[in-house]
Structures are given as structure tokens and as C-alpha cells.
Amino acid sequence: VALADNFADQWLYLRNLDSFAPDQRLFPEFDDNLRQAFRQETRALFEELVREDRSVLALLTPGQTSLNERLARHYGIPHVYGSQFRPVRVPGGERGGLLRQGSILAVTSYADRTSPVLRGKWVMENLVGTPPPPPPPNVPNLKENTISAALSVRERLTLHRSTPGCAGCHTLIDPPGFALENFDAVGRWRILEEGKPVDAAGGLPDGREFTGVDRLERSLLERPEILATTVTEKLLTFALGRG
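Conventions and cut-offs
Residues numbered from 1 in each chain as written. Predicted model: local features only at pLDDT ≥ 70, side-chain atom pairs only at ≥ 80, totals over all residues. Heavy atoms only, no water. Helix = DSSP H or I, 4+ residues; strand = E, 2+ residues; numbered from the N terminus. Contact = heavy atoms within 4.5 Å. Areas by Shrake-Rupley, 256 points an atom, 1.4 Å probe, with all protein chains shown as cover. Core = buried A, V, L, I, M, F, W, Y, C linked by side-chain atoms within 4.5 Å. Buried < 20%, exposed > 50% of the residue type's maximum accessible area, 1.4 Å probe, protein only. Salt bridge = Lys/Arg side-chain N within 4 Å of Asp/Glu carboxyl O. Axes fitted to C-alpha atoms, helices over the stretch in contact; angles between N-to-C directions. Parallel < 35°, antiparallel > 145°, perpendicular 65-115°, else oblique. Nonpolar A, V, L, I, M, F, W, Y, C, P; charged D, E, K, R; others polar.

K.L.:
Got a sec to walk through the overall build of the protein chain? Specific residues and values, please.
P.N.:
Along the protein chain, the regular secondary structure elements total nine helices and six strands. When contacts within the protein chain are restricted to residue pairs at least 6 apart in sequence, those whose partners lie at least 24 apart make up 62%. Working note: accessible area of the protein chain is about 12,300 Å², and carbon and sulfur atoms make up 54% of it.

Now the structure itself:
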């Protein structure tokens, strides 16, 4: 439990849930009970991994997760009642792995929308072990640019990459994040965004291209040594207190 409370919270950015405050006009159902349920689901996955001595690949395997009624209702999963968390088999594999959990999807979003940049950066840092370099100085945030709000996030990021110095990093960061676009800023599944079909076409820095979270998970699991090495590095950093 202590390893989950400390290491997993630090590694997976669960501590950022405390400051996550989605726009209540857009997400009026979000409350602290849901926030705590997000955290508990992810901790339960990590605790099970340690307790049962399972492979780290189980972190990205969908099909079963820990839910209570509040979280199941948020995910649209029926027949889960009460405040107690319990293992639940999820039909169709809609939930289960880290990339499908509300905690991860929320802390890599903004208050009013998803962020393929933050999500892609999270995947690169925490699963691939290749953190992108910091942005160059004096580059405005996407929301500060004078880009039409009528454009989709993908279209706005395409324009953002036209800024000198941005394309190199964003070409690597954005594609893994785009593959998670079927999840909104509070981790709910969606197929439409503002009346248009969600475009979840993404990729990885090695050149592989795919669409959606299913293919992102499979692509990461095709190179299991990368995930295992990354988790080992994160554990050693935590144990030693330094990089």
C-alpha cells in the first residue's frame, strides 16, 4: 500500500488529481467523490500488480478494473452498486489499463478540453522512457495563440507546429496523445466532439502509425522491454531519491 501511495502517486502523476478542477459548466457531474474514485482505481491496479507479482505489461492490459458505483456510473458500466471497490470484468475491454483510467486522462487534460500534448508527453515520459526536451523560450501556449476557436484541437496543433522551434518536439509528442482522443477531459468515452467524429489517428516516435487506444496499447506491448526498462528506471529513481 505504501508503494502505491508514494511511488505510484509520484510516477503516474496521481498527486495532480488534487489540483485538477474541470470546468463545472462543461462537466457539472465531476466532484470530489469521483476524484477519489479515479485515484483508487489506479492504486488498486498497481497494488494488484505488486501483490500478485504480475508482469508490468498488465498495466496496459484492458478487460478488468476496480470499480465502485460512482466510478462505474461515470464510465457507463451497469450493475455495479455500493461505495466499495471490487474487481469488475468490463465487456469489450473498454476499461482496465492505465491509458483507459480516468485518473491518467484527467491529469493530462485542461479544465475545458483534452490535451494531446500533455497526454503524449505523459506516454513518452512514463511508458516509453523518452521525455521530450523542454519547450524553447518565448513560445506561447496553444490557448494564448490567436487561433480560431472554431478549429479542432488537432487543427490548432497543426498550426502551432508551424511556429519555428515547435515542430521538432510536437511531431514526437502529439501522436500518442491523439490516439487517446476518444476520451474526454474527465475520462468518459466519446465518438463525437462538437458534433463531429473524433479523430484518434496517432502514432509513436519510431514511425508506427495507428488509430485509437487499442492500437496504442498493442504498439507499446509489442516492445515490452521498453516498458519494463522505463518502470525499472522510475523505481530506481524513487528508491535512490535521484535520477
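That covers the picture; the talk isn't over yet.
K.L.:
Can you break down the nonpolar core residue by residue, with the values?
P.N.:
In this structure, Leu-12, Leu-98, Leu-99, Trp-122, Leu-127, Leu-216 and Leu-220 are the most contacted members of the largest nonpolar core, which totals 30 residues. Elements supplying a minimum of two residues to this core: α1 (2–11), α2 (32–51), α4 (102–107), α5 (116–128), α8 (212–221) and α9 (224–240). Not counting chain neighbours up to four residues away, the residues in contact with Trp-122 comprise Leu-12, Tyr-13, Leu-98, Leu-99, Ile-104, Thr-108 and Leu-127. Of all hydrophobic cores here, the second largest spans 19 residues; its members include Phe-30, Ala-37, Val-107 and Val-186.

K.L.:
Talk me through the pattern of salt bridges; I want residue IDs and the actual numbers.
P.N.:
Under the counting rule described, the total for this entry stands at 17 salt bridges. For Asp-184, the salt bridge is made with Arg-188, and the minimal N-O distance between the two is 2.8 Å. Residue class for Arg-188 comes out partly exposed when judged on its relative accessible area of 26%. Of the charged contacts in the structure, one is a salt bridge between Glu-225 and Arg-223, with a shortest N-O distance of 2.8 Å. Ionic contacts of the salt-bridge type, sharing partners, join the residues Asp-5, Asp-9 and Arg-43 into one network.

K.L.:
For α1, give the residues involved together with the corresponding values.
P.N.:
Within α1, burial applies to Ala-4, Phe-7, Ala-8, Asp-9 and Trp-11. Its buried side turned inward, α1 meets α2, α5 and α9. Downstream of α1 by one or two residues, Tyr-13 has phi in the positive range, about 70 degrees.

K.L.:
Describe in detail the environment of Pro-205, supporting the description with residues and values.
P.N.:
Here Pro-205 shows up in the loop between β5 (201–203) and β6 (209–211). The exposure class of Pro-205 is partly exposed, given its relative accessible area of 37%. For Pro-205, the residues in contact, after removing those within four places along its chain, are Met-124 and Leu-172.

K.L.:
I'd like a description of the packing of α5 against α9, backed by residues and values.
P.N.:
The angle between the axes and the distance between the axes are what describe a pair of packed helices. Two elements in contact, α5 and α9, have axes separated by 7 Å at closest approach and are oriented at 85 degrees. Between α5 and α9, the angle falls in the class roughly perpendicular. For the pair α5 and α9, the contacting residues are Glu-125, Asn-126, Leu-127 and Val-128 in the first and Ile-226, Leu-227, Thr-230 and Lys-234 in the second. Considered class by class, the residues forming the contact of α5 with α9 number four nonpolar, two polar and two charged.

All quantities given are derived from atomic positions and should not be read as evidence of function.
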